[in-house]
Amino acid sequence: MNDHTFSEDLARHFHFSLGRDTVQESHLYLYNALAITIRDRLVAQWRKTRTDRVGQRRVAYISLEFLMGRALNNAILNLNLDDTVRKTLNDYCCELEEVEQAEHDLGLGNGGLGRLAACFLDSCASLALSVIGYGIRYEYGMFNQQIKNGNQVEHPDNWLRHGNPWEIPAPEKAVRVKFFGNVDVITQKDGKQYRQWNNTHDVLAVPYDMPIPGYQNGIVNTLRLWKSEATDEFDLDEFNAGSYTEAVARKNLAEQITMVLYPNDTSENGKELRLRQQYFLSSASLQDVINTHIEIHGINFDNFVEFNGFQLNDTHPSIAVAELMRILMDDYEISWDNAWQITSQTMAYTNHTLLPEALEKWPVRLFENLLPRILDIIYEINARFLLQVAVCWPGDNEKQQTLSLIEEGPEPHVRMAHLAIVGSYSVNGVAALHTQLLKAGLFSDFYKLWPEKFNNKTNGVTPRRRLSHCNKSLSTLISSKIGKEWVGDLSQIAKLSEYAADKTFQKEWQESKLTNKIALADFVEQSTGVVFDVNMMFDVQVKRIHEYKRQLLNILHVIGLYDRIRKGDTDDITPRCVLIGGKAAPGYAMAKQIIKLINNVADTINLDPKASPYLRVAFIPNYNVSAMEIICPATDLSEQISTAGKEASGTGNMKFMMNGALTIGTLDGANIEIRDAVGEDNFFLFGAHADEVATIKANYQPNNIIANSPTLSAVMQLLESGHFNLFEPKIFDSIIQTIRDPHDMWLTAYDFDTYFEAQRNVDQLYKNKTLWTQKSILNTAASGVFSSDHTIRQYRDEIWKL
Ligand SMILES: *Cc1c(COP(=O)(O)O)cnc(C)c1O
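Presented here is a report on the structure given in the accompanying data block. (Residues numbered from 1 in each chain as written. Predicted model: local features only at pLDDT ≥ 70, side-chain atom pairs only at ≥ 80, totals over all residues. Heavy atoms only, no water.)

Let's shift gears to unusual backbone geometry. The backbone of Lys-730 shows a phi angle near 70 degrees, a positive value even though the residue is not glycine. For Lys-730, the location among the structural elements is in the loop between helix H29 (710-720) and helix H30 (733-740). (Helix = DSSP H or I, 4+ residues; strand = E, 2+ residues; numbered from the N terminus.)

Here is the structure:
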């Protein structure tokens, strides 16, 4: 398949498969033709990968979220087709960059957790691992965010409107998923009893497969996304009798399951539909794995553990523990003990959060109605588990209660994390501190029971998308010094440190950054109207808006700077452009107010001619994977300022570091490991430590802190005077209250002074271009361990045994 056939194939798809004559401005059809042409090439490798793998051990990575972003450019890079594609597009008088824009981001995730799943798929394929991703093909992904009058407005993400050229449906592999109904106890002739789940309302799960190409290695893995459909199109009798709406009601109900992604990051709201999604995904994926196993090995579960593994991405799919038990016992008549052996030796669970509000619990009442057979099994797992607890802590009723899978109370709940831990052979956190806090705090009793289950796997990001593809100028520069191998093996990037002090290399490094800043400035101006000066420092915080991530602390620093500028106190200020972006969960009122505050502060500052030589502020709307590809290559300063102990890992921090940003951050999540890797001289540290937080909270008096801090007093004065909401009285009162509240969980006032001081160190260093550039190079050079390849090798060796 050479350049010539590529160009012929593209023309054929454009003119015949799609029936188009001319290139339109949107490039939609050209994009589609290009995608199909590339897909054809993937399909050949895909088939080969599949057949080569028959009989090998496989791992299913089950995740409610996959935040894939765009597929075209990734495929071009991984198939090494860049030159071919560019040459071919010349015939259409188009640049690849224009055509790429026609692709809609695949936004089937909220934030870090979903993006991690996407990076992991890329690494698994690049390492030629037999791992299949299972997720949901949401009709509507993460909402599109617009900013109107400073407020977030959400719009549905109809990403399938123009079709999805990458997916291939496999209706012949559809499976049925049961809901509702009742459980009957059947007594056999020999007196043995078993349970049958009857009168269920079944839903069809139909797979859609997406190819996941490895990096230039001929491997194509699969992401299988499930769509829910009615088992029968509609009730023909009712339809014939004229009851049209009733006839399609069931169809609608079934299709509702995979209609929308829940837009809540790290908080759950106990909605029934969400539980249906979780069970739907778990059941369909397990059935699929079992069907494949049977195709190869026949109905034989003696070797199931040897050939299969499951990784649960957070507790969302943890119902899989009970579902696997159900399938093995009810469908294949395997005894409890054998089924439990199989389940507890194949399931592995990744925990993603310590925030109590994010620990999933479902009302028992909901289970009784929706999944009665599954509740049965959970009760039985619990009864057997509590016997073990009793052996370990005889007579300790409190331990029974705190460890139970069922939280008692007026409204009893099922604790999904407990189910996941009890049913898994591996439980991992996602950064060293996070895992340590899991063992010492949240799950300490489980750790006492089963220390061998617990392990750490620090997150990572793929160097393909996160550096090679998104930062062409830097990639080229790096390759010119150390060769191209780093793209497939990021540990090579350490060689860059030799050149950190090299003056010519520094100059080239600065030029690359400038190129990227020009592109970002363009993007910011187009989407916000704010003009960024590329000679100023680019200070960036993009991530979901959450109180624990403390965008509020960031904007308080901005207000502090603005206050100094107003007072003419500008001597030690280095001019900077501050960029903030991220989506708030639609029901998260405080997060939405923080967005409004950022926008109002930005408007005030950007309109003040006194400020513009020193400070410009923009809120970038609709932060997503593609936006990050423009943002992180251009960033000078990466803001990773969560309250210590709250950010499980972070992965945004790694993307910025890889692209040469310096980090200002707290000792939280993977920041700690980033600082260890690059050295404390190359990281701006501030703030309370995780182990101090409890003590600080016990006697927290933010009003005293404010009174004793001249800078924070001035900031609060400006904020409380209504300077940023002259015509919108009181809208920021609740924000002001939380800062002054002794129960403020996030310790914003506590960390303000050290943050402000660290920012002055940033200002000082940025004035010294040589030293800044040297540290920037050292950051990229130290980013090797944050490649998701490195992370996945550890999963492979220590959990999956692939
Ligand atoms: C990397 C990434 C995240 C995660 O960012 P954190 O700073 O780790 O919270 C969220 N959303 C998108 C689009 C990303 O690319």
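Reading across from one edge, E15-E17-E16 is the order of the three strands in this open sheet, with antiparallel pairing throughout. Only two strands of the sheet have a single partner each, and these edge strands are strand E15 (361-363) and strand E16 (406-407). In terms of strand pairing, E15 meets strand E17 (residues 413-415) through three bridges, oriented antiparallel. Within E17, the position partnered with Pro-363 by the bridge is His-413. (Pairing = 2+ DSSP bridges.)

Before going further, it helps to spend a moment on the packing of helix H31 (residues 748-767) against helix H32 (residues 769-781). Where H31 contacts H32, the axes come no closer than 5 Å and their chain directions differ by 105 degrees. Judged by the inter-axis angle, H31 sits roughly perpendicular to H32. Residues Val-762, Leu-765, Tyr-766 and Lys-767 of H31 form the contact with H32, whose own contacting residues are Lys-769, Leu-771, Trp-772 and Lys-775. Residues of the contact of H31 with H32, tallied by class, amount to five nonpolar, no polar and three charged. (Axes fitted to C-alpha atoms, helices over the stretch in contact; angles between N-to-C directions. Parallel < 35°, antiparallel > 145°, perpendicular 65-115°, else oblique. Contact = heavy atoms within 4.5 Å. Nonpolar A, V, L, I, M, F, W, Y, C, P; charged D, E, K, R; others polar.)

With 13 residues, helix H8 (residues 244-256) should cover 18 Å at 1.5 Å per step; its first-to-last C-alpha distance of 18 Å lies within 8% of that length. Roughly 30 degrees is the biggest bend found in H8, and it falls at Arg-250. Within the sequence span of H8, burial applies to Ala-247, Lys-251 and Ala-254. Residues of H8 that are buried make contact with strand E11 (201-213), strand E12 (220-230) and helix H7 (236-240). (Expected span 1.5 Å × (residues − 1). Bend = angle between axes of the 7 residues up to and from the residue. Buried < 20%, exposed > 50% of the residue type's maximum accessible area, 1.4 Å probe, protein only.)

Remark: helix H23 (residues 589-607) packs on H30, axes separated minimally by 9 Å, with the N-to-C direction vectors making an angle of 105 degrees. Classified by the interaxial angle, the pair formed by H23 and H30 is roughly perpendicular. Here Met-590, Gln-593, Ile-594 and Leu-597 of H23 come into contact with H30, specifically with Ser-734, Ile-735 and Thr-738. Split into classes, the residues belonging to the contact of H23 with H30 amount to four nonpolar, three polar and no charged.

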